[in-house]
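Chain by chain, the residues:
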Amino acid sequence: MNEKVLKQVVVPGEEIGVIEEFLPGEGTYVDGGSVRSAMLGTAVLDLNERRVRVRSLIKRGPLAIERGDIVLGEVVGIRKDVAVVLIRKVEDKELVLSKPLHGMLHISQVSDKFVEFLSDVIRVTDILRAKVINSRPPYQLSIKERGLGVVTAFCSNCQSLMTIRNRKLYCPRCRVQEERKLSAKYSTNLKL
Ligand SMILES: [Zn+2]
């Protein structure tokens, strides 16, 4: 393609030229007699067509989450056999998720044993350490392995942070135990 860079960096709304000079292409729009950029990018002119387009500068880098990644996320909803998890962190990656991503945890991925109800093993507001088992959104999660599962839990009754006592979740305030599929990495001072 016979192209020429007109402007290395243009911002949304910036005038690239006037319509007498060239035709508006991808990533541009016409406002009055001006051709303006619709995005942050590089303005490129196709010399054959006299058409200008803007190539986005925001690169779609490697996907934030890959199959096999271990993530930390909060259970935000449970619908029958599926829990919705808000993924907040990817372990071992210098990765800050600008927006939390959604993951799904199906009841078949919580244990090797039979589980009748998801709410027997996880609850809304629990923080999970989970493995990503597919490679594109919506991300499917698994907590079957020993290190995976609930890493932080809050009492269903009073919302207090629960501790571990005799290998069970215990609310120091209500003095009751609760059941979960616990991770071996359960922590009472987890930072997300
Ligand atoms: Zn409690």
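Here, the structure is the one placed above.
Residues numbered from 1 in each chain as written. Predicted model: local features only at pLDDT ≥ 70, side-chain atom pairs only at ≥ 80, totals over all residues. Heavy atoms only, no water.

A. Structural detail: the pairing of strand E9 (residues 82–90). Pairing of strand E8 (residues 70–79) with E9 involves 8 bridges; the strand directions are antiparallel. Along E9, the bridge assignment pairs Val-75 with Val-85. Between E8 and E9, which follow one another and run antiparallel, lie 2 residues, and Lys-80 among them has a positive phi close to 50°. (Pairing = 2+ DSSP bridges. Helix = DSSP H or I, 4+ residues; strand = E, 2+ residues; numbered from the N terminus.)

B. Region of interest: the nonpolar core. Counting residues in hydrophobic clusters, the biggest one holds 29 residues, and the most contacted among them are Leu-105, Ile-122, Leu-128, Leu-141 and Ile-143. For this core, the elements supplying multiple residues, two or more each, are E8, E9, strand E11 (127–132), strand E12 (139–142) and strand E15 (168–171). At 4 residues, E9 tops the list of elements feeding residues into this core. Not counting residues up to four positions away in its chain, the partners in contact with Leu-105 are Asp-81, Val-82, Ala-83, Val-85, Val-110, Leu-118, Ile-122, Leu-128, Leu-141, Ser-142 and Ile-143. (Core = buried A, V, L, I, M, F, W, Y, C linked by side-chain atoms within 4.5 Å. Buried < 20%, exposed > 50% of the residue type's maximum accessible area, 1.4 Å probe, protein only. Contact = heavy atoms within 4.5 Å.)

C. Here's a closer look at the coordination of the zinc ion. Cys-155 (SG), Cys-158 (SG), Cys-171 (SG) and Cys-174 (SG) make up the full set of protein donors to the zinc ion, lying at 2.3 Å. Its 4 donor atoms give the zinc ion angles of 103 to 114° at the centre, a pattern that matches the tetrahedral case. In the primary sequence, the donor residues of the zinc ion line up as C-x2-C-x12-C-x2-C. The partly exposed category is assigned to Cys-158, whose relative accessible area is 21%. (Donors = N, O, S within 2.8 Å, 3.2 Å for Na, K, Ca; no water. Tetrahedral: all angles 85-135°; square planar, octahedral: opposite > 155°, others 65-115°.)

D. The sheet that holds strand E6 (residues 41–46), seen in detail. The strand order E1-E6-E7-E3 describes an open sheet built from 4 strands, whose pairing is mixed. Every interior strand has two partners, whereas the edge strands, strand E1 (3–10) and strand E3 (23–24), have only one.

E. Representation of the pattern of salt bridges in the model. Counting across every chain of the model gives 13 salt bridges. With its nearest N and O atoms 2.8 Å apart, the salt bridge here joins Arg-53 to Glu-3. Taken as a pair, Arg-53 in strand E7 (residues 51–56) and Glu-3 in strand E1 lie far apart in primary sequence, 50 residues in all. Judged by its relative accessible area of 28%, Glu-3 is partly exposed. Glu-178 serves as the salt-bridge partner of Arg-180, at 2.7 Å between the closest nitrogen and oxygen. Comparing Arg-180 with Glu-178 shows no difference in burial state: the two are buried. Through salt bridges that share partners, Arg-123, Asp-126, Glu-178 and Arg-180 make up one connected network. (Salt bridge = Lys/Arg side-chain N within 4 Å of Asp/Glu carboxyl O.)

Limitation: the analysis is restricted to geometry and does not speak to function.
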